[in-house]
Amino acid sequence: MKKVRILLFAVVALLIMSHFSSIKAAEIVSGEIYPYTVERWKDGQKIAADSYGEGIVVFRFHDDQFEDDMIGTCVQPIVQIDGTGTGEARITKIDNNDILAKVAYYWGIVKGYANDVNAPEFSKLTRANQYTQKPEDTITSMTDSGWSQEAQQNIFDMVDEARNIAVPSSFVVYKGEPTNSKQNFAVFAIHPFSASKKYNDNTPSGLNHAAVTSGNTITYDITWNNGYGTMTITDVLSKGLTYKKGSANIGDPTETKNADGTTTLVWTTTQESGTLTYSAEVTKEDLCVINLTKVQNNATMTVGNEPHFLAALENPIPNKCYAPEPNDGYNHKQVEVGDDIRYQITLPNIKNEAVVIKVSDTLSKGLTYNKDAKVENGTLTSEANPVVDSSKNTTKLEFTVTVPAKGIATLTYSAKVNDAAVKEVQNNATAQYGNEQVIKLNELENPIYIPEEVIPTPDTGTHGALIGVLLGLAISGSGGYLIYRKYKRA
């Protein structure tokens, strides 16, 4: 029985918690009565709400849809403001095509008057909102308060400027009608803007920060929600990345080449929510010449003059080059039998944890591995026995290198040119980060020096004597022939 009572209590408690959680999560029902607070601010300080005639009046109304309380202003001139600090009001949602919504959105959000309730501009927003509700009373109120014609005209111009503004669906404005017949007010807010950047799921290369190489294409997505107004998307491509024209789904950006080798892309959009998809290509330049170990981009989305910085996406670029001199084969130099060619493979790691990279190198006929591999700024975790053919040529090398977080390891090794080399020697290496795709590295080739065949030069004295003998024989033969002919005629 005791167990049954405990179970029953647990079920009831669960139902009660579910009830309260559902209430908290419920959206505001237009036309219902809700509590609100009224504040009065002066010189950056909150003062007594009933300090009539001083400072700026601010209304607040809480809605769980938003990160912060909604903030608002008076909308009913002449009628007394509730000075108790708290109250209840019937809250009615205003259509976004209503002039009140347009004024609150344009001057409160776009122009930013509601960003600082202490700023003098906030009182202009109050007057503009009042004017949208009952123009004749607003004018009377301005006159009674001693407003100049210039100040009045300024308010009228503010309202006119907002008339043609398109208010986004992410903006919400409510009108509050206090139950104690005090002055009506309006409160408003905009759903929190959010934006993110990631690799497109179908990117040809680079997914999830994977290694890339020369000529690869990386496709990105920038997704946003609850935007408003004219928004600017700015993406700075690092050196080594080039925007692929025609790849963006909202049209090509303005493109600026910067002195430091970066490229700035800029798009503008008024779409409240959406996804920008575009591609960039990894440079086809010689990576050994430009010394590139990674590519990255940094995107920013600006909404209502507020920049939202998106996470940078970067990809490592493993690369194979000749090791620095002294190196018999440096920079594709001609080599001969007995020379040593030293190679260097750079293995960058952009992650916050160590990565294991497998390097494979296929050597051509005419090269013998010197078994001298070493790693700087990393660990040569293992080295497989080199594959050697029947002619004692090393045909395949395999290394496993562990690179520390955010580190750049350098693997160096060399091969000797043997007498089986013909015309040129070359190698083709690959690198594989974990289980990612295999990256083909630069193919390095060196021509083979072949000595020219030397033809011996004959002795000049012997050569002259030989010519004399041959010439004598020729003359003798001719003379015998003439004598013979002469004899025949006789």
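Residues numbered from 1 in each chain as written. Predicted model: local features only at pLDDT ≥ 70, side-chain atom pairs only at ≥ 80, totals over all residues. Heavy atoms only, no water.

Chemist: Which residues make up the overall build of the protein chain, and what values go with them?
Modeler: Along the backbone of the protein chain there are 7 helices and 28 strands. Counting over 490 residues, the protein chain shows a buried share of 42%. Looking at the protein chain alone, contacts between residues at least 24 apart form 70% of all its contacts between residues at least 6 apart. When the accessible surface of the protein chain is summed, it comes to about 26,600 Å², and 52% of that surface belongs to carbon and sulfur atoms. (Helix = DSSP H or I, 4+ residues; strand = E, 2+ residues; numbered from the N terminus. Buried < 20%, exposed > 50% of the residue type's maximum accessible area, 1.4 Å probe, protein only. Contact = heavy atoms within 4.5 Å. Areas by Shrake-Rupley, 256 points an atom, 1.4 Å probe, with all protein chains shown as cover.)

Chemist: I'd like to hear about the state of the cysteines, residue by residue, with values.
Modeler: What makes a disulfide is a covalent bond joining the sulfur atoms belonging to two cysteines. Inspection of every chain in the model, using the stated rule, returns 1 disulfide. One disulfide in the model links Cys-288 with Cys-321; its S-S distance is 2.1 Å. The disulfide joining Cys-288 to Cys-321 has a torsion of about -100° about its S-S bond and is therefore left-handed. Here Cys-288, found in helix H6 (residues 287-290), pairs with Cys-321, found in strand S18 (residues 319-322); they are 33 residues apart in sequence, far enough to count as distant. For Cys-288, a relative accessible area of 28% gives the class partly exposed. Owing to a relative accessible area of 12%, Cys-321 belongs among the buried residues under this scheme. (Disulfide = S-S within 2.5 Å.)

Chemist: Report on helix H4 (residues 135-144), specifying residues and quantitative values.
Modeler: When we look at burial in H4, the residues that qualify are Thr-138, Ser-141 and Met-142. Summarising the axial view, the buried residues of H4 lie within an arc of 100°, below the 170-degree limit, and thus occupy one face. At its buried positions, H4 is contacted by helix H3 (121-133) and helix H5 (149-162). Two residues or fewer past H4, Gly-146 is found with a positive phi of approximately 80°. (Arc of directions from axis to C-beta.)

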